[in-house]
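A look at the structure
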Amino acid sequence: MKRLVVDPIRCDAFGYCAELAPELIHLDEWGYPVVERAITKGDRDLVTMIIKACPRRALLLIED
Amino acid sequence: MSQAPSELRLLAGANDGPGLAAHLNRFGPMPTVEGKRPERVARLHGLIESSGLLGRGGSGVPAVWKFDFLARTNKPVIVVNCMEGEPASSKDAVLATRAPHLVLDGAAILAETLHAARVVVAVADDADPTASAFAAAIDERRDWRTAEIERPPARYIAGEESALVNWLHRGASLPTFRPTKPSYVTIRGREALVHNAETLAQLALIARFGASWFREAGTTAHPGTSLVTVRGGVHQPGVLEWNPGGSLERLIDAAGGLTDGFGGALIGGYGGSFVGPQHLQATMSHEGLSALGATFGPGIVVVLPASQCPVAEMARLVRYMAGESAGQCGPCAFGLPALARDLELLASAKTSHVRVDQLHARMAEIDGRGACRHPDGVVRLLRSGLAHFDQHVASHQQRGACAAAQQPTVFPFPASRRPR
């Protein structure tokens, strides 16, 4: 399974990802997203949605 | 062929001066690189691997990993990292002024083996003696004049591998995000092989005298000698060529002994870790320190005198490191100043507002969340300090600042960015 990562340089703390996927992402005290767990097949639609929603294109799926 | 050096290796006979003739007289000529590229690569791979050489820039990873990763690339750029971004380190300056040809020999064997496009020696723009020492050495080498000296800005982060390569690539001294490891760093389309100056100098000795000679010093896991800058509460601060495996106490003795008792030490630079007053017998090697949860890093030891306030010192270090963030990543740009504020409060006033568990919670949200390891280093430093100086921290919380908190710092900081 791929890994969901935040590019911390691109990210500008818009927070859309945590708004749309609170079960996957929480915001730190400065509003920057933390991916809480590894993603599973069941998360696929949600992950696609938040990747598209990010105005900074800061969410990436990485193949390890 | 000259004799293989024994006690001192990198710094052997350095009183004869840094010139090429003295260098050749001291160490003999480098073996020539012969054969087709696959043979050259296989030979150098075998040599580096059997030597067990670890990168001397702080990571302590086997040098052969980087070599193998770059071994198939076409005309890479060899980058000699002499940025010395750690304010407490002086080893790059010492190598430059005492054994510059050893560093260049190491770069040359890599360049010839891998058919490098060019060799770049990166020296911070405030380190003129280092740059002119390398310029003079390059000028002396009639056989090999392809090295260029570049002068990135003198900032802590500028020597971080991706920031250095980014500066060489497009003039921006900013780390880049590399989510997959290992990853290439490139300069205008060419892969870069970045090595710390000491790593290359060690490679030049290994090429001359062999892997088993190299392993005669140090430990199985940390072979060869290692340059260590010792500062703070010692009588003779400076750069030593250290035989890994000895105790911290022996290292301090080699630096003239303690000036004012032993209150602990910061090892591995400002992104390294503290050891406590009980750790005078700590084994000074990568594996000896990692057994204590500490790191050897790029070979830096700052001794804390027993009279010094560790809380005030941590506050200064974290404030400095916060100021050295490249400011690209939120958790680092906001998190480090927040930690610095907490520590300054803890250092200066009786306060129940700063709780150790809250500091740990904040650090957990910062650790691992930057593009580079800058914030992780600060977290490592602070976690180790809170662990080893817990009683002093508790006394600040209960009784307010100690008298020692006002004393000047024992840590060197660049003049323009010295914390209060």
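Quick summary incoming for the structure in this document.

What counts and how
Residue positions are counted from 1 within each chain, in the order its sequence is given. Here the convention is simple: chains get letters from A, ligands get numbers from 1, in the order in which they are written. Given that the model is predicted, a residue must reach a pLDDT of at least 70 before its local features are reported, and side-chain atom pairs must reach 80 or more before they are shown or counted; all residues, however, enter totals for whole chains, interfaces and linings. We call a set of buried Ala, Val, Leu, Ile, Met, Phe, Trp, Tyr and Cys residues a nonpolar core when their C-beta atoms link them within 7 Å. Neighbour density around each residue's C-beta defines its exposure: 20 or more other C-beta atoms within 10 Å make it buried, 12 or fewer make it exposed, and counts between make it partly exposed, where C-beta atoms are placed from the backbone. Once C-beta atoms are placed from the backbone, any two residues with those atoms within 7 Å are in contact. Each helix corresponds to a stretch of at least 4 residues labelled H or I by DSSP, and each strand to a stretch of at least 2 residues labelled E; elements are numbered beginning at the N terminus. Each pair of strands is called paired provided DSSP finds at least two bridges between the two strands. For helices, the axis comes from a line fit to the C-alpha atoms of the stretch in contact; other axes are also lines fit to C-alpha atoms, and the angle between any two N-to-C directions lies between 0 and 180 degrees. Rotating anticlockwise by less than a right angle from the far helix to the near helix defines a left-handed crossing, while the corresponding clockwise rotation defines a right-handed one. The classification used treats Ala, Val, Leu, Ile, Met, Phe, Trp, Tyr, Cys and Pro as nonpolar, Asp, Glu, Lys and Arg as charged, and all other residues, Gly among them, as polar.

Bringing the nonpolar core into the picture now. Within the largest apolar cluster, 129 residues are counted, with the highest numbers of intra-cluster contacts made by Val79(B), Val80(B), Ala107(B), Val311(B) and Val318(B). Not counting residues up to four positions away in its chain, the partners in contact with Val79(B) are Val120(B), Ala122(B), Leu164(B), Val165(B), Leu168(B), Ala192(B), Leu193(B) and Val194(B). Grouped together as the second largest cluster of nonpolar side chains are 13 residues, Leu4(A), Val6(A), Ile25(A) and Leu59(A) included.

Before going further, it helps to spend a moment on the environment of Val6(A). Residue and element names in this part refer to chain A. Structurally, Val 6 can be placed in strand β1 (residues 3-6). Of the residues examined, Val 6 has 24 C-beta atoms within 10 Å and is grouped as buried. Separated by 31 residues in the primary sequence, Val 6 and Arg 37 have C-alpha atoms spaced 13 Å apart. Apart from residues lying up to four places away in sequence, Val 6 is in contact with Cys 11, Pro 33, Val 35, Ala 58 and Leu 59.

This part covers the sheet that holds strand β3 (residues 147-150) of chain B. All names here are of chain B. One open sheet accounts for five strands, arranged β3-β2-β1-β5-β4; its pairing is mixed. Both outer strands of the open sheet, β3 and β4 (186-187), are each paired with one neighbouring strand and no more. Note: β4 against strand β5 (residues 190-196), two bridges, orientation antiparallel. Within β5, the residue paired with Ile 187 across the bridge is Arg 190.

What follows deals with the packing of helix α5 (residues 100-114) of chain B against helix α6 (residues 128-140) of chain B. Residues and elements named next belong to chain B. Contact pair α5 / α6: the axes reach a minimum separation of 9 Å and the direction vectors enclose 65 degrees. Like other packed secondary-structure pairs, α5 and α6 cross with a definite hand, here right-handed. For the pair α5 and α6, contact is made by Pro 100, His 101 and Leu 104 and by Ala 133, Phe 134, Ala 137 and Ile 138, respectively. Of the residues contributing to the contact of α5 with α6, the split by class is six nonpolar, one polar and no charged.

All names here are of chain B. Tracing the backbone through its elements, the reader meets Gln 397 in helix α16 (residues 390-399). For Gln 397, a count of 17 C-beta atoms within 10 Å gives the class partly exposed. Taking the C-alpha atoms as reference, Gln 397 lies 21 Å from Leu 336; in sequence the two are 61 residues apart. Contact partners of Gln 397, with chain neighbours within four places excluded, come to Thr 351 and Ser 352.

Time to look at the interface of chain A and chain B. Chain A puts 14 residues into the contact, and the matching count from chain B is 13 residues. Residue composition of the side of chain A that touches chain B, grouped by class: 10 nonpolar, no polar and four charged.

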